[in-house]
Amino acid sequence: MKSFAFVFPGQGSQSVGMLDAWGDHPVVAQALQEASDALGEDLALLIQQGPKEALALTTNTQPVMLVAGVAAWRVWCAEGGAAPLAVAGHSLGEYSALVAAGVLTLAQAAPLVRLRAAVMQEAVPVGTGAMAAILGMEASRVIEGCSEATASFGPGSTEVVEAVNFNDPIQTVIAGTKAGVDKACELLKAAGAKRALPLPVSAPFHSSLMKPAAEKLRMALADVVLAVPQIPVLNNVDVAVQQDADAIRDALYRQAFGAVRWVECVQALKGRGITHIIECGPGKVLAGLTKRIDPELVGAALFDPATLAETRELLA
């Protein structure tokens, strides 16, 4: 069998009916029931019927993406799939990776990600924060542009903009105050960025403005019992594998206001001898990023019975 890792997507890949193709697969139904019981609401109904606007609310998006990733993982395991050499997740997807590795149960993770979503939304009033994707520019130049934009407001200003998602070598997401992001977009386009695309999000995720949210998340994490990982989990914030429960908690805390270092995560997986990276959960975003980060790597997605069969064949 090929050497492979599983990676789990974050917000943005959700869609109404995204689990329908699994039909009444028992482990998918079980995952939905566990998460629904933990939250006291019917997630299966929300995923199946939406509406789209309800799924897009971050307090709903985070739990539904968690359970969708875990459901695909459980199908893989139930159908006799081998364990990957490592797991990782993009932003929110790290919680799915931790469930896959046995660090968290789904019943523990579902309330955690809902709290994470709620405190992130509360940290910055709607309309005062923003995010944008900068396309066609190297990350180092995007970082410089963010510094220039912040400095342009003068000393003592509360405007801020930072590079927060390093998705591929020429795609970096920035976040901060709306004025800060707008200014950075203007400067970066003038400096040669192909596009500066505002993102339809409700908060400046992974920026320093999320620090108050992270403090609330840290308090909740302190009460959660974490098990020893059964599979190495590569985290976003340090691009590191941790075994110690306190170190894992600390990484999740810092991840809330720290950059998602996805390019480095994919490179680190390759450094562990991995040749195939399988996106586990709805969509093909991470599979596409894998190929752009390193064309030598094989990126694929597993989100329904057809892609399950394709993955088994690919890895055989």
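Every chain is numbered on its own, with residues counted from 1 as its sequence reads. Confidence filtering applies because this is a predicted model: local features only for residues at pLDDT of at least 70, side-chain atom pairs given and counted only at 80 or more, and all residues used for totals across whole chains, interfaces and linings. Side-chain numbers come from the whole structure's heavy atoms, not from hydrogens or water.

Caption draft 1: Spatial organisation of the layout of surface pockets. Taken as a whole, the largest pocket spans an internal volume of roughly 890 Å³. The definitions used throughout rest on a 1 Å grid laid over the protein atoms alone, on which a cavity is an enclosed set of points accommodating a 1.4 Å probe that cannot get out and a pocket is an open set flanked by protein within 12 Å on both sides along at least five of seven lines; lining residues are those having an atom within 4 Å of a point. Lining the largest pocket are 35 residues, and of these Gln-11, Gly-12, Ser-13, Leu-199 and Val-201 sit closest to its centre. A run of H or I in DSSP becomes a helix once it reaches four residues, and a run of E becomes a strand once it reaches two; helices and strands are each numbered from the N terminus. Put simply, the parts of the chain that give the lining of the largest pocket at least two residues each are helix 3 (52-56), helix 4 (58-78), helix 6 (106-123), strand 3 (129-135), strand 4 (161-168), strand 5 (171-177) and helix 12 (285-293). For this classification, Asp, Glu, Lys and Arg are treated as charged, while Ala, Val, Leu, Ile, Met, Phe, Trp, Tyr, Cys and Pro are nonpolar and the rest, including Gly, are polar. Among the residues making up the lining of the largest pocket, the classes are represented as 17 nonpolar, 16 polar and 2 charged. Grid points are joined across faces, edges and corners, and a volume is the space filled by probe spheres set on the points. As a volume, the second largest pocket reaches approximately 190 Å³. Lining the second largest pocket are Leu-19, Asp-20, Gly-23, Asp-24, His-25, Val-28, Ala-29, Leu-32, Ala-44, Ile-47 and Gln-48. Elements with a contribution of two residues or more to the lining of the second largest pocket: helix 1 (26-39) and helix 2 (43-49). A per-class count over the lining of the second largest pocket returns 6 nonpolar, 3 polar and 2 charged.

Caption draft 2: Empty space enclosed by the protein, seen in detail. Taken as a whole and assessed by the stated rule, the structure comprises 2 cavities of 30 Å³ or more. In this structure, the largest cavity occupies an estimated 70 Å³ of space. Around the largest cavity, the lining residues are Glu-94, Leu-98, Val-233, Asn-235, Gln-242, Ile-248 and Ala-251. Mapped by element, the contributors of at least two residues to the lining of the largest cavity are helix 5 (93-100) and helix 10 (245-255). Taken together, the residues that form the lining of the largest cavity break down as 4 nonpolar, 2 polar and 1 charged. Here the second largest cavity is characterised by a volume of approximately 30 Å³. Together, Met-18, Leu-19, Trp-22, Ala-68, Ala-72, Gly-281, Pro-282 and Phe-303 line the second largest cavity. A per-class count over the lining of the second largest cavity returns 7 nonpolar, 1 polar and no charged.

Caption draft 3: View of the sheet that holds strand 7 (residues 233-234). As summarised here, the arrangement of the 5 strands in space is 7-2-1-8-9, forming an open sheet in which the pairing is parallel. Each having just a single partner strand, strand 7 and strand 9 (298-302) make up the two edges of the open sheet. One ladder, built from 2 bridges, connects strand 2 (residues 86-89) with strand 7; its direction is parallel. Directly across from Ala-88, in strand 7, lies its bridge partner Leu-234. Pairs of residues are marked as contacts when any of their non-hydrogen atoms sit within 4.5 Å. To obtain each axis, a line is fitted to C-alpha atoms, and for helices this fit is confined to the stretch in contact; angles are then taken between N-to-C directions over 0 to 180 degrees. Helix 12 contacts strand 1 (4-8), strand 8 (276-280) and strand 9 of the sheet and is inclined by roughly 180° relative to strand 9. Sheet strands in contact with helix 13 (residues 305-315) are strand 1, strand 8 and strand 9, and its direction is about 145° off that of strand 9. Two strands form a pair only when DSSP identifies at least two bridges running between them.

Caption draft 4: Main features of the pattern of salt bridges. For this analysis, a salt bridge means a side-chain nitrogen from Lys or Arg found within 4 Å of a carboxyl oxygen belonging to Asp or Glu. In the structure shown here, the tally under the stated rule is 15 salt bridges. The partner of Lys-183 in a salt bridge is Glu-186, with the nearest N and O atoms 3.5 Å apart. Of this pair, Lys-183 and Glu-186 are both found in helix 8 (residues 178-190), 3 residues apart, which corresponds to roughly one turn of the helix. Throughout this description, buried means an accessible area under 20% of the type-specific maximum (1.4 Å probe, protein chains only), exposed means over 50%, and partly exposed covers the range between. When its relative accessible area of 47% is taken as the criterion, Glu-186 is described as partly exposed. With a closest N to O distance of 3.0 Å, Arg-218 and Glu-215 form a salt bridge. With Arg-218 and Glu-215 both in helix 9 (residues 211-222), this residue pair falls 3 residues apart, about one helical turn. Residue classification places Arg-218 among the partly exposed residues on the basis of a relative accessible area of 38%. In the salt-bridge network here, residues are joined through shared partners; they are Arg-141, Glu-144 and Glu-148.

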